[in-house]
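Chain residues, written in single-letter form:
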Amino acid sequence: MSTQPKKFTIHEDWTVVILGFIIIGISLFIFLPEVPVFSWSNTTDLTTKVFDFKNLKILFIQFIYLISIGTFGAFLIGKSVKYFLFTFPIVYFLTLIALILAGNSAIKSINLEAVIFSLIIGLAIGNFFKLPDWFRSALSTEVFVKIGLVLLGTSVIFSDILKAGSLGLIQALIVVLSVWYFAFWLCKKLKVDDELTMMISSAVSICGVSAAIATSGAIKGDSKKLSYVISIVLVTAIPMMIFMPIIAKYFNFPEEVTGAWLGGSIDTSGAVVASGTLVGETALKISTIVKFSQNVLLGIAAFAISVYWTYTHNKSGEALESKPTLNVIWERFPKFVIGFIAASVVFSFFITSETRDEVKDSLKNLQGLWFALAFTSIGLETNFKDLLQNNSKKPLIAFLIAQLFNIIITLIIAFLLFSK
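Structural notes, computed from the coordinates.

Rules of the game
Residues numbered from 1 in each chain as written. Predicted model: local features only at pLDDT ≥ 70, side-chain atom pairs only at ≥ 80, totals over all residues. Heavy atoms only, no water. 1 Å grid on protein atoms, 1.4 Å probe; cavity = no way out; pocket = protein on both sides within 12 Å on 5 of 7 lines; lining within 4 Å. Points joined across faces, edges and corners; volume = space filled by probe spheres on them. Helix = DSSP H or I, 4+ residues; strand = E, 2+ residues; numbered from the N terminus. Nonpolar A, V, L, I, M, F, W, Y, C, P; charged D, E, K, R; others polar. Patch = residues over 30% accessible without salt bridge, like charges linked within 9 Å, V, L, I, M, F, W, Y side chains within 5 Å. Areas by Shrake-Rupley, 256 points an atom, 1.4 Å probe, with all protein chains shown as cover. Salt bridge = Lys/Arg side-chain N within 4 Å of Asp/Glu carboxyl O. Buried < 20%, exposed > 50% of the residue type's maximum accessible area, 1.4 Å probe, protein only. Arc of directions from axis to C-beta. Contact = heavy atoms within 4.5 Å. Polar contact = N/O pair within 3.5 Å; in protein donor to acceptor, adjacent residues only side chain to side chain.

**Comments concerning the layout of surface pockets**
Working step 1: Its volume calculated, the second largest pocket comes out at about 360 Å³.
Working step 2: Surrounding the second largest pocket, 21 residues form its lining, Thr141, Ser223, Lys224, Ser227 and Glu381 being those nearest its centre.
Working step 3: Of all the secondary structure elements, the ones that give two or more residues to the lining of the second largest pocket are helix 8 (141-152), helix 13 (223-250), helix 19 (353-381) and helix 20 (384-388).
Working step 4: It is helix 13 that contributes the most residues to the lining of the second largest pocket, five residues altogether.
Working step 5: Looking at the lining of the second largest pocket residue by residue, the class counts come to eight nonpolar, six polar and seven charged.

**Quick look at a nonpolar patch on the surface**
Working step 1: On the surface, a nonpolar cluster with roughly 660 Å² of combined accessible area is contributed by Phe29, Ile30, Phe31, Phe60, Ile61 and Ile64.
Working step 2: With three residues, the single largest contributor to the nonpolar patch is helix 3 (residues 53-77).
Working step 3: Ile64 gets classed as partly exposed once you look at its relative accessible area, which sits at 37%.

**Remarks on helix 2 (residues 43-50)**
Working step 1: What helix 2 keeps buried is the set Asp45, Leu46 and Val50. End-on view of helix 2: buried residues confined to an arc of 100°, all on one side of the axis. Opposite the buried face of helix 2, at more than 90 degrees from it, the exposed residues are Thr43, Thr44 and Thr47.
Working step 2: Looking at the packing, one finds that the buried side of helix 2 touches helix 3 and helix 4 (81-102).
Working step 3: You can read the cap of helix 2 off the contacts: a side-chain oxygen lies 3.1 Å from the backbone nitrogen of Thr44, and it is on Asn42.

The structure is reproduced here in structure tokens:
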């Protein structure tokens, strides 16, 4: 009796680390992808800048680059390469539409990020058209977003964080611990299920989408629940990044305080930068460093959550009767966080500032692209009917109350630490 040989595969998280460092290595030593132009104000700009032959060539090279990395990843994980090659061009094309929409000057003036449009486009198609099951299964949402997280590590430079003194780190620690515990306690009071409780607590207290994904990886969470939390984070980030700077200006908050408030409250890094820009250069600097401080805590938080979850749950979600071994803890630990930390360490201590300056725009562009591709995929695979069946009102209420607590406590701490 013949048996088929076991197919060679690598764990998804390790695959992401490999792909992330392949991208970093290529950027440092082989080929630095150019950053395409998406900025435009009118149809003339759209024709002469975005749809210019040179820019279209950059976009085509970028497409070949991304699909090559993604195909290699699909092969390593053991997913269907054929289906990936069919779905990725569609996801990429839809993502380009989102990037072009976000590049419009009028859209930029109200600080709407490309990932918002990626999600909206994906949701519109995913909910108004019935997509084949094989198409949804071929989407590589977690791979895309985890690659983006590994690349995010290249921008988390420890020396930049320390320039703000210890205040940014102190605020990050106080906010993360207090808001996480409050959100956790609130979710338990509202009887939100354990997986959503962990993802909501991390998302609202640390760094939004990135923290939700890291937590989902640590607890092996349900992808539909993760999509639900990501949708809440992105939707609530829009009014926060618009109205918080308005509130700060109305009450004449010092720029240092405003920056610390924005960086500690708003859940996405892009929205923090956008809102900080509305206030001023000092606010932008402080808000970015505070957000970086919270990003640094992402790896530590993911490890702590994986240990906690392992000690309280088994794979089926039931309570464990005995303490797990170190092997079980290691099995649950989200390995892509190692890539995030390693990238941060490499770019903090082993790469010269000149080299960082040379590659940062290209790597930031690639990071944003992987995130945008991920959010397009999230939209395509998310069906509101499925989400509404999961008793979604209580998690939404818990998130909104926890976010309000986050805004208030962060403002108080910002005044205590940053007001002169």
